[in-house]
Amino acid sequence: VCLHSLKSPEATKSSVEIVKNIKWTSFDVAKTLVNVGLAKPSDFSVFAGYVGWGPGELTSEIHDNAWYMVATDSNTLLKELARQNTAADPREAGLETWEYIMKMIGREVTARTSVGTFDDYMLKEWARKYLSQRTMNDTAKSVNSADSRKKCVPGTLLRGSSVRRSPFLLSNQEFHKSLVLILSDDEDATIGVMLNHPAAKGLQMEVKDTRMNINYVLTAPLRVGGDYVLEESESPIWLHNSPKLRGAQVGTPIGGCWEHIWQCTYEEVAVALTDNLAKLDEFLVISGITLWPKGDIDAEENFGEMLEDGSFEIVPSSCVESVWKSLLKQRVLTERNIQQNIDYGIEAWSAGKGDSLENDDDNFDIHSIGMGYEEEEEEDSFVFNTDVKVAKLSDDALRVWVSSCLLGIADIG
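Residues numbered from 1 in each chain as written. Predicted model: local features only at pLDDT ≥ 70, side-chain atom pairs only at ≥ 80, totals over all residues. Heavy atoms only, no water.

## Considerations on the environment of Gln204
Point 1. Note on placement: Gln204 falls in strand β8 (residues 198-209).
Point 2. Take Gln204: its relative accessible area is 56%, and that puts it in the exposed class.
Point 3. Each C-alpha atom of the pair Gln204 and Val217 lies 6.4 Å from the other, and the pair is 13 residues apart in sequence.
Point 4. In this view, Gln204 contacts Val217, Leu218 and Thr219; residues no more than four positions away in its chain are not counted. (Helix = DSSP H or I, 4+ residues; strand = E, 2+ residues; numbered from the N terminus. Buried < 20%, exposed > 50% of the residue type's maximum accessible area, 1.4 Å probe, protein only. Contact = heavy atoms within 4.5 Å.)

## Details of the pattern of salt bridges
Proximity of charged atoms lets side chains of opposite charge pair with each other.
Point 1. The tally for this structure, following the rule as stated, stands at 14 salt bridges.
Point 2. One salt bridge in this structure joins Asp28 and Lys31, with 3.9 Å as the shortest N-O distance. Residue Asp28 and its partner Lys31 are located together in helix α2 (residues 27-35), separated by three residues, close to a single helical turn.
Point 3. For Asp28, a relative accessible area of 53% gives the class exposed. (Salt bridge = Lys/Arg side-chain N within 4 Å of Asp/Glu carboxyl O.)

## Considerations on the packing of aromatic side chains
Point 1. Summed over all chains, the structure comprises ten aromatic pairs.
Point 2. Their ring planes at 85° and their centres at 5.0 Å tell us that Trp258 and Trp262 sit as a pair that is edge-to-face.
Point 3. Owing to a relative accessible area of 42%, Trp258 belongs among the partly exposed residues under this scheme.
Point 4. The buried category is assigned to Trp262, whose relative accessible area is 1%.
Point 5. Members of the aromatic cluster, connected to one another through ring pairs, are Phe168, Phe175, Trp292 and Phe312.
Point 6. Over the ring of Trp349 we find Arg159; its NZ or CZ atom is 4.3 Å from the centre of that ring. (Phe/Tyr/Trp six-rings, centres within 6.5 Å; stacked < 30°, edge-to-face > 60°. Lys NZ or Arg CZ within 6 Å of the ring centre and 35° of its normal.)

Put into structure tokens, the structure is as follows:
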């Protein structure tokens, strides 16, 4: 779609007027007008795509205060379009224009209070990735070898990328600083479970104390393993990493390796608790799985490629015990303990760092803030034209995901 204010008969005939002095035409017509000398490229503002609403949808959104109504002034609009064509930086995400229009309609205070918010920073990152002509290091830098797929067998523990610009900032925020245990891998799909996301409810189980001859109820945090729900007939996944339970052969080792994390049934856990072989807080209880299909050309993520490009890193076996100890500190999620639970999850993630991995973003420091294209390292570490580190924004995005998806609260501050 091309907007213009040309007044020649040829341009007028092949265009549709939107408001006084502003018309739209197709890109092909715009090229023709330029080729025959009736227009210059700078006469047009070119838009790739458009926004559409179903019947009554926009009216409903306006009633819900999702949009502000603005009286259309063609001269003001033309000036702003001209400014955007020559001076606007796409990494600003149009925020300057929005603030300018808000000031014109008497909502300057509203606009001012929204400056520097999480939403603005996320919008700038979206614009940087999708609108900027030059995006540096948007994907994770590979820290895994080319044969990482072969090493990622069932029982392998992975952690989300440690690069400064998280590959999970704009989507799949649940994988940012996550820990994922691979359960199976075949020609159809790779299946795993996230370990560090306790839900807002626990799983209760009744255990019999044979010495006292009484029954008592215990509660374990129920963790969200992924978006795919297990069959209702199946119980949640029970996991342990206890040498004592391995020795008693409680459960089976995932992938067949004795030293890997073990998976148990509800009945095996109940017997172990009754026989005083373990306590309930030595187990992780997982509901749901993460599934990466193979051979699906429409799939948004290919697990093998994500592993090779560094979106996930393999946790060395020597680090698994430390990771597990930190995970066991997490509790059933509440508004009061959300940050503590996230911190314990990140503690577990940090414990999974091996000597072969790059430095975590938390240990990286830059003293100057990049504002121009030439300062690649600085720009790559900060949200454009701000002093906000992208690493910090990624952590904030994870918290928003936890609060909205696991607690059902949009923003708890």
